[in-house]
Amino acid sequence: MLIPVIQAIGRSGKLLYLLIFVVLGVLAYRYFTSDKPTTTTEYNSDLIQEKIKSVGKLVVTEGHFAQVMTYKDQQKYLMDLLSFEKKALIIINADVTVAYDLRQVKYDIDEKNKTITIVSIPKEEIKISPDIQFYDVEQSRMNPFTGDDYNKINKKVKADLAAKIEKSTLKSNAQNRLVSELAKVLILTNEMGWKLEYKNQVIESENEMGATLKL
């Protein structure tokens, strides 16, 4: 009678140890294979912020314009009986840059909904650097060229160049470069299962971004 009881106790002890081992194994498996959303979210957010930093730079598109103009001014005296004219042929060569400072782009990162929203994009900065040369200058002591004339000419030159820039492809080329840079953020969000939004619209392709980002 005693021996079978001892054997039964021994078998029950081994079974208890086996049961404990199985329970510990299940707990360990669940611990190592369970999702850790907080860590993943932080990792995704850090990656996106790093990508945004890499995009944050000055994008510059350059162009060159040439122009020829004639400046004339006439001073009249004695009820227009006497007049003194001054004129000059002016040749302008201008370097123009259109720049976007992407360091000023503002984003909102929504980790819960995995969404990046472009809040604002800076307006382009247009810089005109004209080189103005005067030829065939004609003037008189009664009507010489003065600083006021040069200011008028400079203002007229910049206005004419600004109109030419609007009609050229320089600004559209600059916008295309802007879209290409921002598309880097779009690619990352797509790879990580996030969304990119601008003006309450989800951006799903670079072409769609170009259409939406028309400034």
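Each remark here, short or long, concerns the structure printed above.
What you see is a predicted model, and the numbers here were worked out from it, not measured in a lab. (Residues numbered from 1 in each chain as written. Predicted model: local features only at pLDDT ≥ 70, side-chain atom pairs only at ≥ 80, totals over all residues. Heavy atoms only, no water.)

**Topic: the overall build of the protein chain**
Helix and strand counts for the protein chain stand at 5 helices and 7 strands. Every one of the 215 residues in the protein chain was classed for burial, and the buried ones make up 28%. Taking contacts inside the protein chain between residues at least 6 apart in sequence as the whole, the part at least 24 apart equals 72%. (Helix = DSSP H or I, 4+ residues; strand = E, 2+ residues; numbered from the N terminus. Buried < 20%, exposed > 50% of the residue type's maximum accessible area, 1.4 Å probe, protein only. Contact = heavy atoms within 4.5 Å.)

**Some details on the side chain of Glu124**
Relative to the helices and strands, Glu124 resides in the loop between β4 (115-120) and β5 (125-138). Within the local environment of Glu124, its side chain forms a polar contact with the side chain of Lys171, the two groups lying 3.2 Å apart. (Polar contact = N/O pair within 3.5 Å; in protein donor to acceptor, adjacent residues only side chain to side chain.)

**Regarding unusual backbone geometry**
The phi angle of most residues is negative, glycine excepted, and most peptide bonds adopt the trans form. Although it is not a glycine, Lys114 sits at a positive phi angle of roughly 50°. If you trace the backbone, Lys114 turns up in the loop between β3 (106-110) and β4. Judged by its relative accessible area of 37%, Lys114 falls in the partly exposed class. You will see that Asn200, though not glycine, has its phi angle at about 60°, which is positive. Positionally, Asn200 belongs in the loop between β6 (195-198) and β7 (201-203).

**A short note on helix α3 (residues 147-167)**
Taking 1.5 Å as the rise per residue, α3 with 21 residues should run 30 Å; its terminal C-alpha atoms sit 31 Å apart, in good agreement. When we look at burial in α3, the residues that qualify are Asp149, Ile153, Val157, Leu161 and Ile165. Down the axis of α3, the smallest arc covering the buried residues is 135°, so these residues share one side. Seen from the buried face of α3, the exposed residues on the opposite side, beyond 90 degrees, are Asn151, Lys155 and Glu166. (Expected span 1.5 Å × (residues − 1). Arc of directions from axis to C-beta.)

**Looking at the nonpolar core**
Core analysis: the biggest nonpolar cluster contains 40 residues, and Leu196 and Met209 have the highest contact counts within it. Only α2 (37-55), β1 (58-77), β2 (82-101), β4, α3, α4 (170-191) and β6 provide two or more residues apiece to this core. A total of 8 residues in this core trace back to one element, the largest contributor, which is α4. Those residues in contact with Met209, other than ones at most four positions away along the chain, are Val179, Leu182, Ala183, Leu186, Leu196 and Ile203. (Core = buried A, V, L, I, M, F, W, Y, C linked by side-chain atoms within 4.5 Å.)

**Overview of the sheet that holds β7**
One open sheet holds the 4 strands; their spatial order is β3-β4-β6-β7, and the pairing between them is mixed. If you trace the sheet from one side to the other, it starts and ends with β3 and β7, each paired once. The mean inter-strand angle of the sheet, taken between neighbouring strand axes irrespective of direction, is 30°. As judged from the 3 bridges shared by β6 and β7, these two strands associate in the antiparallel manner. Residue pairing for β7: Tyr198 is matched across the bridge by Gln201. (Pairing = 2+ DSSP bridges. Axes fitted to C-alpha atoms, helices over the stretch in contact; angles between N-to-C directions.)

**Focus: the side chain of Asp101**
Within the secondary structure layout, Asp101 lies in strand β2. Of note is the side chain of Asp101, whose polar atom sits 2.8 Å from the side chain of Arg103. In this view, Asp101 contacts Lys57, Leu58, Pro122 and Glu125; residues no more than four positions away in its chain are not counted.

**What to know about the packing of aromatic side chains**
All told, the structure shown has 4 aromatic pairs when counted by the stated rule. Considering the side-chain rings of Tyr71 and Phe145, the 6.0 Å spacing of their centres and the 45° angle between planes classify their relative orientation as tilted. Here the residue Tyr71 occupies a position in strand β1, and Phe145 occupies one in the loop between β5 and α3, the gap between them amounting to 74 residues. The class for Tyr71 is buried, based on a relative accessible area of 11%. (Phe/Tyr/Trp six-rings, centres within 6.5 Å; stacked < 30°, edge-to-face > 60°.)

**A closer look at the environment of Ser45**
With respect to the secondary-structure elements, Ser45 resides in helix α2. Classification of Ser45 by relative accessible area gives buried; the value is 1%. Here the alpha-carbon distance between Ser45 and Ile109, two residues 64 residues apart in the chain, equals 7.8 Å. With sequence-adjacent residues up to four places away left out, Ser45 is seen in contact with Ile109, Glu111 and Trp194.

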